[in-house]
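Per-entry structural report
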Amino acid sequence: MGLRLPVGDVTVLLGPAAARRRVMAALDDDGGRCASGHSAVGVQRLAAAADDDVQRRIAAIEAVREAGATIVLVDRLTEGLAAPDRRSVLAALRPVATSGRAVLVDDDDPVAALAVADGALRADPAGGLSAESLGDLDYLAS
């Protein structure tokens, strides 16, 4: 799977949950390449344990922002949170992207993640990925 993510953007994975999980699993944490082996850049994956509170999750995001990875894979970081807490965690991703990283988000609630997204990729059950235009989605943030 070849995948190009724009630096400075938050990109949200859309599509069936199983297809999104396959995409995230295929990405190599060790070098910014898929399992078939593309050129390497620094990658960091963010995930949360079920008992992690909002502050711990936001602290993990801040630590990634201060680290040197070029690509940040956000793997269901808001799982188990109530809607207001989920929005707080997702909003903390914006400074990560704007500080010069490409951020790819697979979230339990992709609609909530769209509120902080610059772009979207749709994963289909057959393994394909296609870019989707978000247009003007400011209404999702209200």
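Values in this document were obtained by computation on a predicted structure and should not be read as measured data. (Residues numbered from 1 in each chain as written. Predicted model: local features only at pLDDT ≥ 70, side-chain atom pairs only at ≥ 80, totals over all residues. Heavy atoms only, no water.)

1. Regarding the overall build of the protein
Within the protein, the regular secondary structure consists of 5 helices and 8 strands. For the protein, the proportion of its 142 residues judged to be buried stands at 39%. When the accessible area of the protein is evaluated, it comes to approximately 7100 Å², of which 51% is carbon and sulfur surface. (Helix = DSSP H or I, 4+ residues; strand = E, 2+ residues; numbered from the N terminus. Buried < 20%, exposed > 50% of the residue type's maximum accessible area, 1.4 Å probe, protein only. Areas by Shrake-Rupley, 256 points an atom, 1.4 Å probe, with all protein chains shown as cover.)

2. Topic: the sheet that holds strand 4 (residues 43-46)
Pairing in this open sheet of 6 strands is mixed, and the strands run 4-5-6-1-7-8 from one edge to the other. Each end of this open sheet is capped by a strand with a single partner; those strands are strand 4 and strand 8 (129-132). This sheet shows a mean twist of 25 degrees between the axes of neighbouring strands, independent of strand direction. Relative to strand 8, strand 7 (residues 119-123) runs antiparallel, the two sharing 4 bridges. When the sheet's bridge partners are listed, A120 is paired in strand 8 with E132. (Pairing = 2+ DSSP bridges. Axes fitted to C-alpha atoms, helices over the stretch in contact; angles between N-to-C directions.)

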